[in-house]
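# Examination of the molecular architecture
Chain by chain, the residues:
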Amino acid sequence: MNLNPKKLHLGCGSKFIPNFYHIDISDEEHIDARADVKDLSFIEDNSVSLIYACHVLEHFGRWEVEKVLIEWRRVLEPSGILRLAVPDFSACSRLYNDGNLENGLCDLLGLLCGGQKDQFDFHKMIFDELTLTSLLEGVGFSSVKHWDWRNTTHTAIDDYSQAYLPHMDKKNGELVSLNLEATK
C-alpha cells in the first residue's frame, strides 16, 4: 500500500502536529503508521514536501544514519525540506566543560544516552553541526541551515527542538538541540 501524505512527523511519540502524517514504532492514538522510521517503503518516491524528525536520528547507529537519511531523502519531492533536531554535542560539551550544570553530567545523560525508558529509547550516535551537515550533504541534500523552533508551523508543540539547560529556561538557558534543515 503506497500513501501520499505531504508532511511527515517521524518518530513523533506522544507529540501530535495537526496536518502531519505521524509515523512511530510506539503505539499512540494519533499515529497514522506504526513503523520503524528507517523504512518508509509504504511512502511513494518524491511525494513529501516536509519531513520533521525531532530527536530521532540519534537513535540509529553510526553505520545506519547515512542509510536512514538516504531513505528519508527518497520520499522527499524535489526541493522538499528535511527538518531535523538532534542533541547538540557541542552545546553539551561546552556546558559540561564550563562546570555550570546544577547536577553536573547527570543534566546531560538523557541528551547523550537517551531516556532509556524502553527498548527504543537509547541513543547510538552524537552530532555536532559540522558532522550533521557533512552527512546531509554527503547523501545529496543542499542548503543546510539552522531553523528556529519559534518560526515554524509547529512552534506550539513543546518538543526537544526546544530543549534548554537549565531545563525549560528558554529565556536565559542554552539551547541544547541542534536544529538543522536541508533541501533535497
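Our structure's up above, just so we're on the same page.
One structure accompanies this document, and this report is about it. Counting from 1, residues in each chain are numbered in the order their sequence is written. At least 70 in pLDDT is required for a residue's local features to be given in this predicted model, at least 80 for side-chain atom pairs to be given and counted, and no such filter applies to totals for whole chains, interfaces and linings, which use all residues. To obtain the side-chain values, all non-hydrogen atoms of the structure were used and water was disregarded.

## A short note on helix H2 (residues 89-98)
To keep it simple, the criterion reads: Relative accessible area decides the class of each residue, using a 1.4 Å probe on protein chains only: under 20% of the type maximum gives buried, over 50% gives exposed, and in between gives partly exposed. Only runs of H or I of at least four residues qualify as helices and only runs of E of at least two qualify as strands under DSSP, and these elements are numbered from the N terminus. Directions from the helix axis toward the C-beta atoms define the arc. Any two residues whose heavy atoms approach within 4.5 Å at even a single point are treated as in contact. Here a polar contact is taken to be a pair of N or O atoms separated by no more than 3.5 Å, where protein atoms must pair a possible hydrogen donor with a possible acceptor and residues adjacent in sequence count only if both atoms sit in side chains.
Listing the buried residues of H2 in full gives Ala 91, Cys 92 and Leu 95. All buried residues of H2 lie within an arc of 100° about the axis, which places them on one face of the element. As for H2, its buried residues are in contact with helix H3 (109-113), strand S7 (164-165) and strand S8 (174-175). One side-chain oxygen at the N-terminal end of H2 lies 3.0 Å from the backbone nitrogen of Ser 90; it belongs to Asp 88.

## Regarding helix H4 (residues 129-138)
All of the buried residues along H4 are Leu 132, Thr 133, Leu 135 and Leu 136. The buried residues of H4 occupy an angular sector of 160° when the element is viewed end-on, so they sit on one face. The exposed residues of H4 that point more than 90 degrees off its buried face are Leu 130 and Gly 138. Here the buried face of H4 lies against helix H1 (65-75), strand S5 (76-87), strand S6 (142-146) and strand S9 (177-183).

## Let's talk about the sheet that holds S5
We count it as follows: DSSP calls a pair of strands paired once it identifies at least 2 bridges connecting them. The axes are straight lines fitted to the C-alpha atoms, using for helices just the contacting stretch, and the angles between their N-to-C directions are given from 0 to 180°.
Spatial strand order, S3-S2-S1-S4-S5-S9-S6: seven strands in an open sheet with mixed pairing. Both edges of this open sheet fall to strand S3 (33-34) and S6, since each of them pairs with a single strand only. In terms of strand pairing, strand S1 (residues 7-10) meets strand S4 (residues 48-54) through four bridges, oriented parallel. What sits directly across from Leu 10, in S4, is Ala 53. Packing of H4 onto the sheet brings it into contact with S5, S6 and S9, and relative to S9 it is tilted by some 20°.

## Remarks on the pattern of salt bridges
Under the convention used in this document: A pairing counts as a salt bridge when a side-chain nitrogen of Lys or Arg comes within 4 Å of a carboxyl oxygen of Asp or Glu.
One pass over the full model with this rule turns up eight salt bridges. Of the charged contacts, one joins Lys 6 and Glu 77 as a salt bridge, the two residues approaching to 2.7 Å between their closest N and O atoms. One end of the pair, Lys 6, is in the segment before S1; the other, Glu 77, is in strand S5, and 71 residues separate them in sequence. The network of salt bridges with shared partners includes Asp 45, Glu 71 and Arg 74.

## Brief notes about the packing of aromatic side chains
Stated formally: Two aromatic rings, drawn from Phe, Tyr or Trp (for Trp, its six-membered ring), form a pair once their centres lie within 6.5 Å of each other, and the interplanar angle then sorts them: stacked below 30 degrees, edge-to-face above 60, tilted otherwise. Put simply, a charge is over a ring when the Lys NZ or the Arg CZ is close to the ring centre, within 6 Å, and near the line of the ring normal, within 35 degrees.
For the structure shown, the criterion picks out one aromatic pair. Taking 5.8 Å as the distance between ring centres and 80° as the angle between the ring planes, the aromatic pair formed by Tyr 52 and Trp 147 counts as edge-to-face. Of this pair, Tyr 52 sits in strand S4 while Trp 147 sits in the loop between S6 and S7, placing them 95 residues apart in sequence. Its relative accessible area of 8% is what places Trp 147 among the buried residues. Above the face of the Phe 141 ring, Arg 73 is positioned so that its terminal group lies 5.9 Å from the ring centre. Across from the ring centre of Trp 147, 5.5 Å away, lies the NZ or CZ of Arg 83, which sits over that ring.

## What about the side chain of Asp 159?
Applied cut-off: Charged residues are defined narrowly, with Lys and Arg counted positive, Asp and Glu counted negative, and His plus the chain ends left uncounted.
With respect to the helices and strands, the residue Asp 159 is situated in the loop between S6 and S7. One buried charge, Asp 159, has no salt-bridge partner; the nearest side chain with opposite charge is Lys 15, at 7.1 Å. At 2.6 Å, the side chain of Asp 159 forms a polar contact with the side chain of Ser 161. When neighbours within four sequence positions are excluded, Asp 159 is seen to be in contact with Lys 15, Tyr 52 and Cys 54.

## Observations concerning the environment of Leu 112
With respect to the element layout, Leu 112 can be found in helix H3. Classification of Leu 112 by relative accessible area gives partly exposed; the value is 24%. As for Leu 112 and Phe 20, which are separated by 92 residues in sequence, their C-alpha atoms are 28 Å apart. Discounting residues that sit within four places of it in the chain, Leu 112 has contacts with Phe 89, Cys 92 and His 123.

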